[in-house]
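# Commentary on secondary and tertiary structure
Below are the chains, spelled out letter by letter.
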Amino acid sequence: MRLILVLIFLVTAFAARADDCLEQTPCQLGDRSYHVKLPDDWDGVSKMPVMLHFHGWARQGTLIVKHGRISGATRRVGVLLIAPNGRGKSWDFWDDDTGDVDFASAVLEDVAKRYPIDRERIFVSGYSYGSAMAWRYACEAGEGIAALLAVGGTLPSQDEDCPAGPVHVRHVHGLKDTVMDFPFGPGGDVTYPVALWRRENGCEGDPASVTDWSVTEHDTFSRHVWNDCASGKPVIFDLHARGHFIPRGWIRRQLDELLAQPEG
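Since the structure is predicted, the reported quantities are computational estimates derived from the model, not experimental observations. (Residues numbered from 1 in each chain as written. Predicted model: local features only at pLDDT ≥ 70, side-chain atom pairs only at ≥ 80, totals over all residues. Heavy atoms only, no water.)

In this section: the packing of aromatic side chains. Enumeration according to the criterion identifies ten aromatic pairs in this entry. Between Phe54 and Trp91, the aromatic rings sit 5.0 Å apart at their centres with planes inclined by 85°, giving edge-to-face as the arrangement. Within this pair, whereas Phe54 is found in strand E3 (residues 48-54), its partner Trp91 is found in the loop between strand E4 (80-84) and helix H4 (100-114), the two being separated by 37 residues in sequence. Like Phe54, the residue Trp91 is buried in the burial classification. The interplanar angle of 90° and the centroid separation of 5.0 Å between the aromatic rings of Phe93 and Tyr129 together place this pair among those described as edge-to-face. One end of the pair, Phe93, is in the loop between E4 and H4; the other, Tyr129, is in helix H5 (residues 129-141), and 36 residues separate them in sequence. Connected via pairs of aromatic rings, a cluster forms that spans Phe54, Trp91 and Tyr137. Over the face of the ring belonging to Phe103 we find Arg32, whose NZ or CZ atom lies 3.7 Å from the ring centre. When the ring centre of Trp213 is taken as origin, the NZ or CZ atom of Arg253, which lies over that ring, is 4.2 Å away. (Phe/Tyr/Trp six-rings, centres within 6.5 Å; stacked < 30°, edge-to-face > 60°. Helix = DSSP H or I, 4+ residues; strand = E, 2+ residues; numbered from the N terminus. Buried < 20%, exposed > 50% of the residue type's maximum accessible area, 1.4 Å probe, protein only. Lys NZ or Arg CZ within 6 Å of the ring centre and 35° of its normal.)

Okay, here's the thing in structure tokens:
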């Protein structure tokens, strides 16, 4: 009976904190805000992995928490989706002198007051400008981040110093992307979009493996994997031949694979 009472107390306590903001209703944090999407089968007590996703330019978190390729993935695999709102519907990722990193960290701490979160499984994601912001966050505050899931956007320079990066780096980019232009490297190197993380993690030379995988006839990828890095942190780059968009099924596959990894 005592255990039942404790569980009821925990559920009630978190519900009291969480009911004031969910999905389209923003959670206020000072003069800024963010949105939350719960997974479908959460029991109200268990710790949840978290995906912090930065929206693209001219968007807001209201789109993210109803986006089929983003929240459609998180809600089905037990991941709490957090979608912060950028000032002016954008992000300041251009250099390390940005308040958006501190804001995102504050969002995570505020979420932890509202919900039980699994701090060993915090994933940072983003699309387009939001992908570049996810890179910036991983660069400046990545020590406690389990994975970076970046879609179609990087930092302006691959030469930045990011010593405290995430455990896993996963990036997808299209060769025909002309919005966040595909960053070809010297000699047309198509693996250059992850040059920064390869350097930081000591991933020398060619990828350990290059394999093809697909979701649909039009959503196909060439996966480049560096898993013998000096840091012990793997880098994965999925290359496709199309333009600027969130590929169908890409986020879901990354979450499935990451959640299958042992904690710690």
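Read from one edge of the open sheet, ten strands run E1-E2-E4-E3-E5-E6-E7-E10-E9-E8, paired in mixed fashion. For this open sheet the edge positions go to strand E1 (27-29) and strand E8 (209-214), each flanked by a neighbour on one side alone. For this sheet the average axis-to-axis angle between neighbouring strands, irrespective of direction, equals 20°. In the sheet, strand E2 (residues 32-37) pairs with E4 via four bridges, with the strands oriented antiparallel. In the strand pairing of E4, Lys37 is matched with Leu81. Relative to the sheet, H5 contacts E3, strand E5 (117-127), strand E6 (147-151) and strand E7 (168-174), its axis offset from that of E5 by approximately 140°. (Pairing = 2+ DSSP bridges. Axes fitted to C-alpha atoms, helices over the stretch in contact; angles between N-to-C directions. Contact = heavy atoms within 4.5 Å.)

Side chains of Asp92, Asp95, Asp96 and Asp97 sit close together on the surface and give a patch of like negative charge. Classification of Asp96 by relative accessible area gives exposed; the value is 54%. (Patch = residues over 30% accessible without salt bridge, like charges linked within 9 Å, V, L, I, M, F, W, Y side chains within 5 Å. Areas by Shrake-Rupley, 256 points an atom, 1.4 Å probe, with all protein chains shown as cover. Salt bridge = Lys/Arg side-chain N within 4 Å of Asp/Glu carboxyl O. Lys, Arg positive; Asp, Glu negative; His and termini not counted. Charge placed at Lys NZ, Arg CZ, Asp CG, Glu CD.)

Here the focus is the nonpolar core. Across soluble globular proteins, you tend to see nonpolar side chains buried next to one another. Phe54, Leu80, Ile82 and Trp197 are the most contacted members of the largest nonpolar core, which has 46 residues in total. Ranked by residue count, the leading element in this core is H5, at seven residues. Beyond its immediate stretch of four places on either side in the chain, Trp197 contacts Trp135, Ala138, Cys139, Leu148, Cys162, Gly165, Pro166, Val169, Cys203 and Val235. Met51, Val65, Ala73 and Phe221 belong to the second largest nonpolar core, which has 23 residues in total. (Core = buried A, V, L, I, M, F, W, Y, C linked by side-chain atoms within 4.5 Å.)

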